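Observations on the model geometry
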Amino acid sequence: MASTVEIYNLALTKIGASRITDPGDEAKGAQSLSAVYDITRKNELAIHPWTFAMARARLPALAETPPFGWSRAYRLPTDYLRLVEVGEYFVLYQQDLTLFEIEGQTILCDEASPLNIRYIADVENPGLFSAPFVEAFACKLAAVVAEDLTQSLSKRQAAEDAYEKAIRAAKRTNAIQLPPQPTPEDTWTLARRGARG
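What this report covers is the structure whose coordinates are included nearby. (Residues numbered from 1 in each chain as written. Predicted model: local features only at pLDDT ≥ 70, side-chain atom pairs only at ≥ 80, totals over all residues. Heavy atoms only, no water.)

Helical periodicity: at 3.6 residues per turn, an α-helix aligns residues three or four positions apart in one direction. Those residues of helix α1 (residues 4-14) not exposed but buried are Ile7, Tyr8, Asn9, Ala11 and Leu12. Its buried side turned inward, α1 meets α2 (28-47) and α3 (131-150). One or two residues past the end of α1 sits glycine 16, with phi positive at roughly 75°. (Buried < 20%, exposed > 50% of the residue type's maximum accessible area, 1.4 Å probe, protein only. Helix = DSSP H or I, 4+ residues; strand = E, 2+ residues; numbered from the N terminus. Contact = heavy atoms within 4.5 Å.)

Given below as structure tokens:
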């Protein structure tokens, strides 16, 4: 798939800036993109459920239990960006704090060990990015650096518009899967299951 320099050049091309040969170039375009690349990548990975970034883990409970409120604590994976499922509960679009809480790098809940989770992972290797992600990511990078490199609000707006189109296209091609969301259970059902509520 794509390389970092290809993503840089795709972003630069979208705003009419000069292409580069290496991300470590002294060129202003390379320096501007290098300054925002990692944080923008993490943000773009976390805010959409890209299929290539989905991961699963089975977490053992930590020896030290929370002092109050929850019966168990679990350490989140080092590449964790955002939860998708906790146990059997789909949580990507709603943070139901009656089922769990995240504090720092731990997840607190009453679920038995091991805790099965699905999450969005911090994928650093651009060779693993899907083509729709590369397009959307490059558009976002272009929008972020447009004013710095071109002093043009119209080029920034054009890049933001291109980003919105890229995200819509990604959803249509299933690069972003939006699984059906179950109807929330009522408090009586949650109480019968032993969940907090």
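So, next bit.
Counting 37 residues, the largest nonpolar core has Ile7, Trp50, Phe52, Phe129 and Leu141 as the members making the most contacts within it. If you list the elements that add at least two residues to this core, you get α1, α2, α3 and α4 (153-172). Sort the elements by how many residues they give to this core and α3 lands first, with twelve residues. (Core = buried A, V, L, I, M, F, W, Y, C linked by side-chain atoms within 4.5 Å.)

With that settled, consider α4. The end-to-end C-alpha separation of α4 is 29 Å, in line with the 28 Å expected for 20 residues at 1.5 Å each. Among all positions in α4, only Ala159, Tyr163, Ala166, Ile167 and Ala170 are buried. In a view along the axis of α4, the buried residues occupy a sector of 100°, so they form one face of it. Within α4, the exposed residues directed more than 90 degrees away from the buried face are Leu153, Ser154, Lys165 and Arg172. (Expected span 1.5 Å × (residues − 1). Arc of directions from axis to C-beta.)

To continue, consider the pattern of salt bridges. On inspection of all chains with the given rule, the structure shows seven salt bridges. Notably, a salt bridge pairs glutamate 135 with lysine 14, separated by 2.8 Å at the nearest N-O pair. One end of the pair, glutamate 135, is in helix α3; the other, lysine 14, is in helix α1, with 121 residues separating them in the sequence. Exposure remark for glutamate 135: the relative accessible area of 30% places this residue in the partly exposed category. Arginine 41 serves as the salt-bridge partner of aspartate 122, at 2.3 Å between the closest nitrogen and oxygen. Placement of the pair is aspartate 122 in the loop between β7 (115-121) and α3 and arginine 41 in helix α2, with a sequence separation of 81 residues. A relative accessible area of 17% means that aspartate 122 is categorised as buried. By relative accessible area, which is 2% here, arginine 41 ends up buried. Connected through shared salt-bridge partners, Asp38, Arg41 and Asp122 make up one network. (Salt bridge = Lys/Arg side-chain N within 4 Å of Asp/Glu carboxyl O.)

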